[in-house]
Structures are given as structure tokens and as C-alpha cells.
Amino acid sequence: MSYRFSPLAFAVAAAFPLQLLAEEPVHAHGASSAPAPVVTLDTIVVTAPPMRLPLRVEFDPRAPQQPLPANDGASLLKTLPGMSVIRKGGTDGDPVFRGMAASRLNILLDGAQILGGCGGRMDPPTAYIFPDSYDRVTLLKGPQSVLYGVASAGSVLFQRTPTYFAEPGYRVGSALTVASFGRNDEVLDVKGGTPLGYVQGMLTHARSGDYEDGDGKRVHSRYERQSATAILGFTPDKNTRLEFSAIRSDAEAAYADRGMDGSQFKRENYGVKFEKANMGGALDKIEASAYYNYIDHVMDNYSLRHASGMAMANNPDRKTTGYRLAATLQPADSLQWIVGVDQQANLHRGRSGGRSGMANDYREQKRVDNLRFDAYGLFSELTWQVNPDDRFIVGLRGDRWEAKDKRQNSATAHQKMDATLTSGFFRYERDFSENSAFYAGLGHSERAPDFWELMKASVNSTSAFDRIHPEKTTQLDVGVTWQSGDWQGFVSSFYSKVDDYILIESKYRGTSDTVARNIDATTWGGEAGVDYRFAPNWKTAASLAYAHGKNDTDRHALGQMPPLEGRLMLDWDNGRWSAGTLLRLVARQNRYAVNQGNIVGQDIGKTAGFGVFSMNGGYRWNKNTRVTFGVDNLFDQTYAEALSKSGEASMISGYEQTTRVNEPGRTLWLKAQFALE
Ligand SMILES: [Cu+2]
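So, a few notes on the structure that sits alongside this text.

Analysis parameters
- Residues numbered from 1 in each chain as written.
- Predicted model: local features only at pLDDT ≥ 70, side-chain atom pairs only at ≥ 80, totals over all residues.
- Heavy atoms only, no water.
- Pairing = 2+ DSSP bridges.
- Helix = DSSP H or I, 4+ residues; strand = E, 2+ residues; numbered from the N terminus.
- Core = buried A, V, L, I, M, F, W, Y, C linked by side-chain atoms within 4.5 Å.
- Buried < 20%, exposed > 50% of the residue type's maximum accessible area, 1.4 Å probe, protein only.
- Contact = heavy atoms within 4.5 Å.
- Donors = N, O, S within 2.8 Å, 3.2 Å for Na, K, Ca; no water.
- Tetrahedral: all angles 85-135°; square planar, octahedral: opposite > 155°, others 65-115°.
- Salt bridge = Lys/Arg side-chain N within 4 Å of Asp/Glu carboxyl O.
- Polar contact = N/O pair within 3.5 Å; in protein donor to acceptor, adjacent residues only side chain to side chain.
- 1 Å grid on protein atoms, 1.4 Å probe; cavity = no way out; pocket = protein on both sides within 12 Å on 5 of 7 lines; lining within 4 Å.
- Points joined across faces, edges and corners; volume = space filled by probe spheres on them.
- Phe/Tyr/Trp six-rings, centres within 6.5 Å; stacked < 30°, edge-to-face > 60°.

**Focus: the pairing of strand E15 (residues 240-253)**
And then number 1: Bridge count between strand E14 (residues 223-237) and E15: 13 bridges; the pairing is antiparallel. Bridged to Ile-231 within E15 is Ser-245.
And then number 2: The hairpin formed by E14 and E15 contains two residues between the paired strands.
And then number 3: Summarising the sheet, E15 and strand E16 (residues 261-276) pair through 11 bridges and their orientation is antiparallel. Along E16, the bridge assignment pairs Ala-246 with Tyr-270.

Here it is as C-alpha cells:
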């Protein structure tokens, strides 16, 4: 499917960038089955989605990507310039934007927060994302929006486009992916409805064997994942929607960086949403939603590997609930004002024991409370369209946050901590022409420490709880997007001062402690890209991403920062056949801080640069049926990303140890997509 870019859609989008999120119902029927007009795919394989709106990148998660992403949310994001993934095994890596990982990147699944349970961070929110069950992914860069919770490095929204059937109809979509290393993914998405409402059911399944690196060394990385989604919606009219949704999913995944694997990632989700749009008066839209997310994770050292020593299992769970209410006001034609409140509460519990069915069975143990969090926030974001070309956007957010240490044997047992957090931004945007814009914004956000940070030790105590302060980011974002003839490009840059950056340091001062401590940091960098359509069916593109981090307190590099990265692409597409190449070049990383980083990982040392070359092709019968195929890492390079986890801690019998968890070697893949309506 190739969506031609609609100038009208862009003009609307550029004028009201905030309205795009869930504004226009897409007719899942008839001629247009395209997701939303803003999602455009110039080529059928996404190698780097272009940035066409200030501070915001969008892409279709169902579109084939090169390199073939693993079946989770993080791998899917890696194609965006500025994004990296901390690899732990075959799937469930942690996404990192501009060197900022974990809670610094706010991830929402159809508006809901999901918080993992694994103390060892096996399950970032993206581990509960099944890419084929979403219609759109949006990255909002920087602390430049207050609508979706506290965002310091940015927010990533995995969204479903609202469904509306103008007349009775149905749509069946399916996709099948097969690839090297025993990989196969299947998805079935069925929806049907009338103007009164709709039902939708989605099933996904994915499985992969252990992959091999370029040297043919097997990496302990196999996984299997499945999800089922059911959605029931009522649409009394085109602008009113009441939707109920339920998701169940489970997975198992091998980890190459540690002594245990994830043998269960159960998730249960229920959501309800109400929305009334285009009301036409001073009150234009209201939105209300509530959700329940429960995850029940098991990791052990016997299900997916030969146990060395005693069989052990760890079984944390976490329940997260929340709601959000928002109103869009239109006090004047030139003003759009969104106000609202959101709330979130979660409780983390744990238990551990022996193998199921054996003495000390973990399932027979009592679950004990660890930490409990309660937070709510008030937000207000105003867009003032001064004239057709200039606008100001200002946002303000206040959060009240509270945490309680419910552990019995913690140094801070039964203590409480709380904070009032203020975030806000101010941005100016100017359109030069239909597809060209400039922006400059100053933002500030205050982020409370998360579960993983609070569970660490601190400098002078075995508990970091109540010892570390919220992290405060103040950031300048400046950029431009432009299009002129066959050329198109973007630059987005940032400069950030982080006060009380929560640094995680392992082997602190020669001990075996991993501590959390506040430091001050400065980061700067950005992303840039250019596309050039040099002949009717030909396009070449290049992108560059860099982030520089300094630990101002310790006076050296900030840990876990990715090196300079560039991509060069060449694509040919005649509407039926397509072909493309991708060369990804990553520089060496000489700036590192051994044992320092974030809750996901810490630096090991310097890394070498590398280049990876990949090719793809495709054929489409019509807009609903296409096949794409490719070979990633054609020359079978052996390499590891700078942010990869250490492979030395694992000691898995039958697997050779490597310094870092290496990336896959040569990988062949084919994805077939088919839809009926
Ligand atoms: Cu785990």
C-alpha cells in the first residue's frame, strides 16, 4: 500500500498538530481503508520514517520494516532516527531516545500506561506491545507536550485509529511473516459494524528460534508471544463513541545477558473510552477513559535453559489502574485549549521459590507487597493560531505523586515519600509553506523516581527509597521541516540540562552494590534527514542522529549514550514492484562511563563502529495485498550495539559467551499482507 501524501491533510495537520491524535474517524469501509491521512508510506518498506511535522514522527506499525523488527514495541521504534534499543536477547529490549531510557520515555498503549513487573527490567512497557494490533505509532520529541503524562525525553503513543462504519461493512486483515532462525509471525484482524457500532477481534502469534550472530554463534534469544484483543464500540453518531476493550497476552523469552529467562509475561487489560467530538460550540470535544492493566511475570533458570545449580523462580506482579478526562475548548477560532486530569495508581508485589511442582514451589508462596504508587496530574495546553502561518503553544502540568515502601525488611520499610511536580513548555511554530515549518520551544519536566530506581541501594543506605530526588529536565528544542520540489528534509535539535538526573551505578566504589544517586547532566544533539526524489520512481534518503551526554557532577561522559549513527537509503518503486537498500553506519563510542547508566544497563567500555547493509523488495497486487521480502545484514557482519547488555553474566550451557549481546547475522525475511473488505 502506498499512500499518496494529501496536501489538504497536511495543511490541517500543520495548523492543528494537537488535534490529530484521535480526531477523524476513519471509514473502515469502502474505498478508503488507509489508517489516517497523516500516515504516508512513500515506499512499502519503512527504513526511516520522515519527520513532516515539528517535533512529531508517525508511522504505521503494520508496514514492513527493514531491518525486520522483533515482535515487540522497542524493535519497531529502532527505525526512528535518535532511537536505540538496549538488547538483552531476541525481544523485549528497552527503547532509548537520545540516550534517555526507561521512565524518561513515556510510553502509552492506546492511552493507557502499562508498567512492567520485572525487577531485572525484562519487561519494559514495549514488551507488552504486539505491533500488528495498533494502527499508528507517534513519537513526540522532548518535554513539548503535557497531555500524556510527564515526558522528559519524549512520549511514544501506540494508537488505534477510531473505527466508524458509515454503512454496514467489514474488514479482515491478515499478515504472515517468515524469516531466518525459525521466525514466524501471524496476525488476524477482523472487524465489522454498522453506523451504530462495531466489533473487532485481533489475534497475534509470533515465534522465533535462537538467532545466530555474524560468526554463527548462537545467541540465547528464542521467544514466543501471543495476544488476543476484543473491542466493542457504540457510535450513536459519527462524532460520539463509547468503546470497551480487552486484551490478554502472554509470552516467553530467552535472555542472553543474565542467569534467568522470562517464562511468563501474562497481561490482562480492560479499557473503556468515551469520546464526543466536533461539538461545534466553545466546548468542542470531551474524552474520558479508564483502564486496568495487570501483569503477572515469571522468570526462572530452568524453563528455557538447563538449570545450573538449584532451580529458582521469581514471580512479580503489578496492577496499574488509571483514568483520564480531557476537554477541548475553542474559546475563539484562533484558540484551542485542552484541559484535563489524569490519574494512575499501581502496586508491585513479588514472590519467589523453587520450580513448580517441587519443594518450595514458587506458586505456593505468599505474594508480598513491594512498592505502591499513587499519582494524579492536571494539565492545560493552549494553541494560539496567531495567523495562518504563526502559532504559539503553551502547556502546563502539575502532578501530585506519592510512593509507599511496603516491604517488611527494607531499611525504609513503611516510609512514604511524595512530591509535587511541575512541568510545562512554551513553543513557537511558523509555517513557511505548505510542507515547511520552523519551531523553537523551551520545556521543563519533573519526573518522580520509578519503581526500579527506588528499589536500588543509595550511596549511604541499602535503600534508595526517600533518598533520591525527582529528576528535573529543562530543554530547548529547535528544528525545521521543509519540502521543496523533489527535496524534503528535517532537522530537530535539542540542548538539555538535567538537574538530579537519576544515575544508576553498579559495583559502586568497589562494592557489589548497585546504587541510585542524583547527579547533574547536560545532553545535546539531534536528528536530521533528507529525501531526494531524483527520478520518477527513485528516491534516495539519508539520516543522521547524535546525542552527547555529560555527567557534570562526576565530570566525565554520561553512561548509556548511543554513538553517532547515519543511514543511507536508495529506493525504487514503480507502484507494483519495489526494491530498496539500506546502509546503516554507526561510529565507535569513545565516550563512556564504566558501570554507570540507567535501570536497564550500564556501560561496559568503548565500542567499535560498524556498518550493516540490507536489501529489500516487494510486489503489490492491489492496495490490500502485497508481499515484501528482504535480507538484513547481507554481509553477515558480527557486531553489537554500544548500548547492548553484557553477554558475560549469563553462563548458559551450550552457548558461547560474548562481551556484549551481539546483533543477528544475515537474516532473510518475507512478509505477506492480505485484506478483504
Ligand atoms: Cu524478569
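**Some remarks on the sheet that holds strand E4 (residues 94-97)**
And then number 1: Strand order in this open sheet of three strands is E3-E4-E5, and the pairing throughout is antiparallel. Whereas interior strands pair on both sides, the edge strands pair on one side only; in this sheet they are strand E3 (83-86) and strand E5 (100-101).

**Description of the nonpolar core**
Here is a general trend for soluble globular proteins: nonpolar side chains tend to be buried in one another's company.
And then number 1: Counting residues in hydrophobic clusters, the biggest one holds 43 residues, and the most contacted among them are Leu-77, Met-83, Val-156, Phe-158, Tyr-501 and Leu-558.
And then number 2: Ranked by the residues each element gives to this core, the list is headed by strand E27 (residues 487-505), at four residues.
And then number 3: With near-sequence residues (within four places) excluded, Leu-558 lies in contact with Met-100, Tyr-501, Leu-503, Ile-519, Ala-521, Thr-523, Gly-549, Lys-550 and Asn-551.

**A few points about the coordination of the copper ion**
And then number 1: Bound to the copper ion on the protein side are Cys-118 (SG), Met-122 (SD), His-297 (NE2) and Met-299 (SD), at distances that span 2.0 to 2.5 Å.
And then number 2: Geometry at the copper ion is tetrahedral, judged from its four donor atoms and the angles of 96 to 124° they form at the metal.
And then number 3: In primary-sequence terms, the residues that donate to the copper ion follow C-x3-M-x174-H-x1-M. Assigned by exposure class, His-297 and Met-299 land together as buried.

**Focus: the pattern of salt bridges**
And then number 1: Per the counting criterion, the structure on display carries 54 salt bridges.
And then number 2: Residue Asp-185 is joined to Arg-183 by a salt bridge in which the shortest nitrogen-to-oxygen separation is 2.7 Å. In this pair, the class of Asp-185 matches that of Arg-183, namely buried.
And then number 3: Arg-367 is paired through a salt bridge with Asp-317; the nearest N and O atoms lie 3.6 Å apart. Linking Arg-367 in the loop between strand E21 (352-353) and strand E22 (368-387) with Asp-317 in strand E19 (residues 317-332), this pair joins segments that are 50 residues apart in sequence.

**A short note on the side chain of Ser-492**
And then number 1: Residue position: Ser-492 is located in strand E27.
And then number 2: A distance of 2.8 Å separates polar atoms of two side chains, one belonging to Ser-492 and the other to Lys-141.

**A short note on the layout of surface pockets**
And then number 1: Roughly 710 Å³ of internal volume is contained in the largest pocket.
And then number 2: As for the largest pocket, its lining consists of 25 residues, and the residues nearest its centre are Asp-257, Ser-506, Val-600, Gln-602 and Lys-645.
And then number 3: Taken as a whole, the second largest pocket encloses approximately 410 Å³ of empty space.
And then number 4: As for the second largest pocket, its lining consists of 20 residues, of which His-348, Gly-350, Asn-370, Phe-451 and Met-455 are closest to the centre.
And then number 5: Listed by contribution, the elements that provide at least two residues to the lining of the second largest pocket are strand E20 (335-350), E22 and helix H3 (451-454).
And then number 6: Among the elements that make up the lining of the second largest pocket, the one with the highest residue count is E22 (three residues).

**What to know about the sheet that holds strand E9 (residues 154-159)**
And then number 1: The sheet built from five strands is open, its strands ordered E2-E8-E9-E6-E7 with mixed pairing. Each edge of the open sheet is held by one strand with a lone partner, namely strand E2 (56-59) and strand E7 (112-113).
And then number 2: As paired elements, strand E6 (residues 105-109) and E9 share five bridges and run parallel to each other. Within E9, the residue paired with Leu-109 across the bridge is Phe-158.

**Focus on the environment of Ser-263**
And then number 1: Topologically, Ser-263 is positioned in strand E16.
And then number 2: Taking the C-alpha atoms as reference, Ser-263 lies 26 Å from Gly-216; in sequence the two are 47 residues apart.

**With respect to empty space enclosed by the protein**
And then number 1: Enumeration according to the criterion identifies 15 cavities of 30 Å³ or more in this entry.
And then number 2: Estimates place the volume of the second largest cavity at around 640 Å³.
And then number 3: Contributing to the lining of the second largest cavity are 37 residues, with Pro-67, Leu-68, Arg-87, Glu-663 and Pro-664 lying nearest its centre.
And then number 4: Elements with a minimum of two residues in the lining of the second largest cavity: strand E32 (577-586) and strand E34 (610-622).

**What about unusual backbone geometry?**
Comment: phi is negative for the bulk of residues other than glycine, and the bulk of peptide bonds are trans.
And then number 1: Here the amide bond leading from Gln-66 into Pro-67 is cis, since omega sits at -5°, within 30 degrees of zero.
And then number 2: At Asp-466, a residue that is not glycine, the phi angle is positive and equals roughly 65°.
And then number 3: With respect to the element layout, Asp-466 can be found in the loop between H3 and strand E26 (471-484).
And then number 4: Backbone geometry at Asp-500 places phi at a positive 60°, although glycine is not the residue there.
And then number 5: Relative to the helices and strands, Asp-500 resides in strand E27.

**Some remarks on the pairing of strand E8 (residues 136-141)**
And then number 1: For E8, the buried fraction is high: six of the six residues fall into the buried class.
And then number 2: The two faces of E8 match: Arg-136, Thr-138 and Leu-140 on one face and Val-137, Leu-139 and Lys-141 on the other face are all buried.
And then number 3: The pairing of E2 with E8 spans four bridges and is antiparallel. When the sheet's bridge partners are listed, Phe-59 is paired in E8 with Val-137.
And then number 4: The pairing of E8 with E9 spans six bridges and is antiparallel. Directly across from Leu-139, in E9, lies its bridge partner Val-156.

**Details of the packing of aromatic side chains**
Given two aromatic rings, one states the distance between the centres and the angle between the planes to describe the pair.
And then number 1: Per the stated rule, a full pass over the model turns up 16 aromatic pairs.
And then number 2: Their ring planes at 70° and their centres at 5.9 Å tell us that Tyr-134 and Phe-158 sit as a pair that is edge-to-face. Of this pair, Tyr-134 sits in the loop between E7 and E8 while Phe-158 is found in strand E9, placing the two residues 24 residues apart along the sequence. No difference in accessibility class separates Tyr-134 from Phe-158, as the two residues are buried.
And then number 3: Centre to centre, the rings of Trp-487 and Tyr-532 are 4.1 Å apart; their planes meet at 15°, and the pair counts as stacked. You can see Trp-487 sitting in strand E27 and its partner Tyr-532 sitting in strand E28 (residues 515-535), a full 45 residues away along the chain.

**Comments concerning the environment of Ile-519**
And then number 1: By secondary structure assignment, the location of Ile-519 is in strand E28.
And then number 2: Judged by relative accessible area, which is 1%, Ile-519 ranks as buried.
And then number 3: Residues Ile-519 and Ile-502, spaced 17 residues apart in sequence, show a C-alpha to C-alpha distance of 6.5 Å.
And then number 4: Every residue in contact with Ile-519, bar those within four places of it in the chain, is listed here: Val-498, Asp-499, Asp-500, Tyr-501, Leu-503, Asn-551, Thr-553 and Leu-558.

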